[in-house]
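An overview of the molecular structure
So you can see what is in the structure, the chains are spelled out below.
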Amino acid sequence: MRRGALLATTLLAGLLLTSTAPATAEAAATELVAQADAAPTPILNWTTCTEPGLDRFQCATARVPLDYAKPDGATLDLAVVRQPATDPDRRIGTLFSAVGGPGGSGIDAARDIGLGSPELAQRFDLVTFDQRGIGRSAQVRCFADTAAQEDFWSRYAPLPTSKRQYDELERLSRELADGCAAHSGELLPHLTTVDAARDLDLLRRTVGDATLTYTGGSYASYLGEVYGALFGDRVRALGLGAMIEPVGYTEYTLTSLAEAAIGTEQVLTEFARLCAEAGSPRCAFADGEVRARNLALLDKLREGPITVGSGDAARAVTYAEFLPAQVFLLYDPDYWPTLGTLLAEVDRGPDGDPGTVAAILDSTPLTAAFMTSFTAITCADVRLPKDPGLWPTLARVIESAAPTFGSYWLYPVQACGAWHSPADGYPQRYTGPWTLNTDTPALLTNARFDPATPLFRAERAHQIVGNARLVVLDGYGHTTSSTCTRELGDAYLIDLTLPAPGTTCPADRAPFG
């Protein structure tokens with residue numbers, strides 16, 4: 001694991017730039033905070049939400065500066081939802097949460113899965129929001145209309161396997177960058193996570209909390225890291241999971257992508273091992289050497305589509321749709337039996353069940369709006385070469401360390417190579433320092449085998465932020481949810497109780513269990 005990460009770092013070192021000098025970075029951070037402090041405090045007029053599925057929440061709109069360097073200038077509206085504390089006499093304050101991506105809607109997540117545990121719901125007003133550039137909060141527009149957006153993303157398949165596909169993907173990446181600049185040119189420079197963190201501080205100020213209590217996982221852990229680095233004296237508690245390592249994410253993005261790919265390789269190996277141990281029927285793909293069969297199937301798909309079933313019901317499965325589905329299913333061990341079924345049915349080809357395959361492949365949750373927001377926010381935050389034509393070369397470098405998933409992680413950000421932004425990034429883009437100068441250490445959690453944020457990166461994030469406690473979930477997937485981690489998280493957020501150093505948590509159940 002560490003050897004692979006070191007290899008990726010060594011191979012990519014010549015493509016990377018150095019970070020800002022410490023003294024300059026400190027001064028820049030001070031200025032970012034001062035700009036936020038100069039902004040007017042929004043007024044939230046809470047009313048019962050009228051959107052279907054949200055009627056159990058209260059909704060409001062927060063007006064925030066478009067450009068924090070011009071706090072009295074143009075504004076944008078943030079959509080916010082609240083669930084008031086169910087035990088108001090014991091209310092501590094407000095617990096803010098955000099979701100990952102970037103591109104995920106906090107409000108959609110509240111509608112679909114709710115906000116917080118019953119214990120947290122008693123003691124806090126639970127508040128989430130759509131981050132700027134997402135959903136109900138000034139959604140990024142890169143196309144003339146929704147139909148054009150849907151059409152573009154239906155054609156954008158970021159896993160090229162031929163020269164023609166490489167050239168087409170470069171063309172589409174330039175088209176996306178140009179479209180975003182044409183339709184959202186005023187918004188794009190103000191979608192950095194620094195801007196979102198300053199929005200979060202305005203929301204904290206708006207609800208009257210002297211200090212922030214916050215929880216978020218995956219990309220939302222990075223939002224928490226940025227907030228803590230800038231506003232450490234205003235933090236009550238930061239509960240962060242599925243950790244983004246901030247230095248790599250912002251400054252050494254190619255290495256960070258390679259390490260994510262290495263993490264996905266590790267989890268695929270674990271899937272194969274546990275599938276074989278479980279056997280059929282618990283894992284439908286358990287016959288033979290699972291990982292070798294999986295890789296052989298991917299090689300076959302790279303050569304061309306595999307037709308599953310026959311006749312009018314047949315489904316042609318492409319490499320570009322299959323590999324993202326496999327990664328998505330690796331994100332949650334509860335989906336691993338479904339992945340075994342998908343592998344088995346595609347491997348059977350004409351004898352496979354096309355209905356089952358279609359149902360699995362068509363359930364991928366990434367919408368066109370999500371991908372548009374993901375691209376715009378990512379390109380605002382990270383450092384990548386300003387030439388999308390370099391991507392095939394970069395892919396070969398990353399694939400030397402992660403042959404199965406290197407391209408999967410690299411090509412979705414190809415548009416950043418054509419992005420209409422300054423060579424050194426937007427002026428407010430944050431690159432550190434990252435130390436959390438908070439009264440209470442942050443609580444970090446990460447699964448031992450995470451296909452997107454591998455544990456070795458969480459350990460490095462722990463070292464970088466310093467003032468934190470890391471809990472390892474002894475399980476699988478891009479999740480930190482278990483009875484143990486929820487209990488530890490609730491105790492931390494409610495009572496500021498930290499677990500002992502080196503704490504690990506068991507998973508509630510094993511894959512294929």
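Residues numbered from 1 in each chain as written. Predicted model: local features only at pLDDT ≥ 70, side-chain atom pairs only at ≥ 80, totals over all residues. Heavy atoms only, no water.

- Per an unreviewed UniProt entry, the chain goes by Tripeptidyl aminopeptidase and derives from Nocardia otitidiscaviarum.

1. Structural notes on the state of the cysteines
- Applying the stated criterion to the full structure yields 5 disulfides.
- The disulfide partner of Cys142 is Cys180, and the gap between their sulfur atoms is 2.0 Å. Disulfide Cys142-Cys180: the torsion about the S-S bond is 95 degrees, which places it as right-handed. One end of the pair, Cys142, is in the loop between strand S5 (124–129) and helix H5 (146–155); the other, Cys180, is in helix H6 (residues 163–184), with 38 residues separating them in the sequence. (Disulfide = S-S within 2.5 Å. Helix = DSSP H or I, 4+ residues; strand = E, 2+ residues; numbered from the N terminus.)

2. Comments concerning the nonpolar core
- Counting 138 residues, the largest nonpolar core has Tyr214, Leu230, Phe271, Phe322, Leu342, Val346 and Trp419 as its most contacted members.
- Considering every element that reaches this core, the biggest residue donor is helix H10 (residues 253–278), with 13 residues.
- In this structure, this core is formed jointly by two domains, domain 1 (38–139 + 189–252 + 429–506) and domain 2 (160–184 + 254–382 + 384–424), each of which donates at least three residues.
- In this structure, Trp419 is in contact with Ala177, Cys180, Leu188, Thr375, Ala376, Cys379, Lys386 and Tyr426, ignoring residues within four places of it in sequence.
- Of all hydrophobic cores here, the second largest spans 22 residues; its members include Val81, Ala110, Ala237 and Cys484. (Core = buried A, V, L, I, M, F, W, Y, C linked by side-chain atoms within 4.5 Å. Buried < 20%, exposed > 50% of the residue type's maximum accessible area, 1.4 Å probe, protein only. Domains from an automatic or database assignment. Contact = heavy atoms within 4.5 Å.)

3. What to know about the UniProt feature "domain: AB hydrolase-1" (unreviewed entry) in the chain
- The positions UniProt marks with the feature "domain: AB hydrolase-1" (unreviewed entry) are residues 101–238.
- Measuring from the first to the last C-alpha atom of residues 101–238 gives 19 Å, for a span that is 53% helix and 12% strand. (UniProt positions renumbered as here; feature names shortened; annotations may be inferred.)

4. Regarding the pattern of salt bridges
- For the coordinates displayed, the defined rule picks out 36 salt bridges.
- A salt bridge links Arg273 to Glu270; the shortest N-O distance between them is 2.8 Å. Taken together, the residues Arg273 and Glu270, both in helix H10 and 3 residues apart, mark about one turn of the helix.
- On the accessibility criterion, Arg273 (37% relative accessible area) is partly exposed.
- A single network of salt bridges, built from pairs that share partners, joins Glu51, Asp108, Arg111, Asp112, Asp130 and Arg136. (Salt bridge = Lys/Arg side-chain N within 4 Å of Asp/Glu carboxyl O.)

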